[in-house]
Amino acid sequence: MQLPKSRRRQKLREKRCQYPGCGKIFFGIHISKYCPEHRQDRYRIRKRTKPEDVNIKNQTYKHTYTEVVTMVMDCALEGCEHQFEVKIYPRQYIYPKYCPEHRNEYKRIRHLQLIGREDLIEEMKRDGESFEFDQGALGGEEENEAVDADVVDDVA
Ligand SMILES: [Zn+2]
Ligand SMILES: [Zn+2]
């Protein structure tokens, strides 16, 4: 006869989602790392495709410099005229693509709203950048959490 698996309830505590760019506060057991949204499989797949992630906020700048040089770059945000200085290091090819102000996702969204480019905000969200504004996904969060805690219990 098979013994029933332990259903010991783990205490939920406030956790901060570890998913890059998320940081959402959620309630989870001590080993929970991600908010309910980022526990979904599609985010796990995205996590493995590291180069794509990097390119959301950064750009790949191919160069052949052998010593540190300072470059002036244009902010990649639609409608932003700001330029910023970047130190280019030998054999390092990933650099920020937004001006210092627009490295903040919230400010990028604000800017796009101001210039009336809601379509670009949608695009950003599709690229997996903007979970915080997706308040609709919060419904049924507690339910999901309970299910998840059970699964973890069984594994442990
Ligand atoms: Zn998250
Ligand atoms: Zn900018």
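So, here is what we can say about the structure in this document.

Each value, and the rule that gives it
- The written sequence of each chain sets the order in which its residues are numbered from 1.
- Naming scheme: in the order in which they are written, chains are lettered from A and ligands are numbered from 1.
- Only residues with pLDDT of at least 70 are given local features in this predicted model, and only at 80 or more are side-chain atom pairs given and counted; all residues enter the totals for whole chains, interfaces and linings.
- Any residue surrounded by 20 or more other C-beta atoms within 10 Å of its C-beta is treated as buried, while 12 or fewer makes it exposed and the intermediate range makes it partly exposed; C-beta atoms here are placed from the backbone.
- Only DSSP runs of H or I reaching four residues or more are called helices, and only runs of E reaching two or more are called strands; each is numbered from the N terminus.
- Directions pointing from the helix axis toward each C-beta atom define the arc.
- Residue pairs qualify as contacts under a 7 Å threshold applied to their C-beta atoms, which are placed from the backbone.
- Connectivity within a nonpolar core runs through C-beta atoms within 7 Å, and the core itself is a set of buried Ala, Val, Leu, Ile, Met, Phe, Trp, Tyr and Cys residues.

### Here's the deal with helix α3 (residues 105-114)
Among all positions of α3, only Arg 108, Ile 109, His 111 and Leu 112 are buried. Relative to the axis of α3, the buried residues are bounded by an arc of 160 degrees and lie together on one face. Exposed positions of α3 whose direction lies more than 90 degrees from the buried face are Tyr 106, Arg 110, Gln 113 and Leu 114. In this structure, the buried side of α3 is in contact with α4 (118-126). The positive-phi residue at the C-terminal boundary of α3 is Gly 116, with phi of around 70 degrees.

### What to know about the nonpolar core
Among the nonpolar cores identified, the biggest contains five residues, and these are Cys 17, Tyr 19, Phe 26, Tyr 34 and Cys 35. The contacts of Cys 17, once residues within four sequence positions are left out, are Cys 22, Gly 23, Lys 24, Phe 26, Tyr 34, Cys 35 and His 38.

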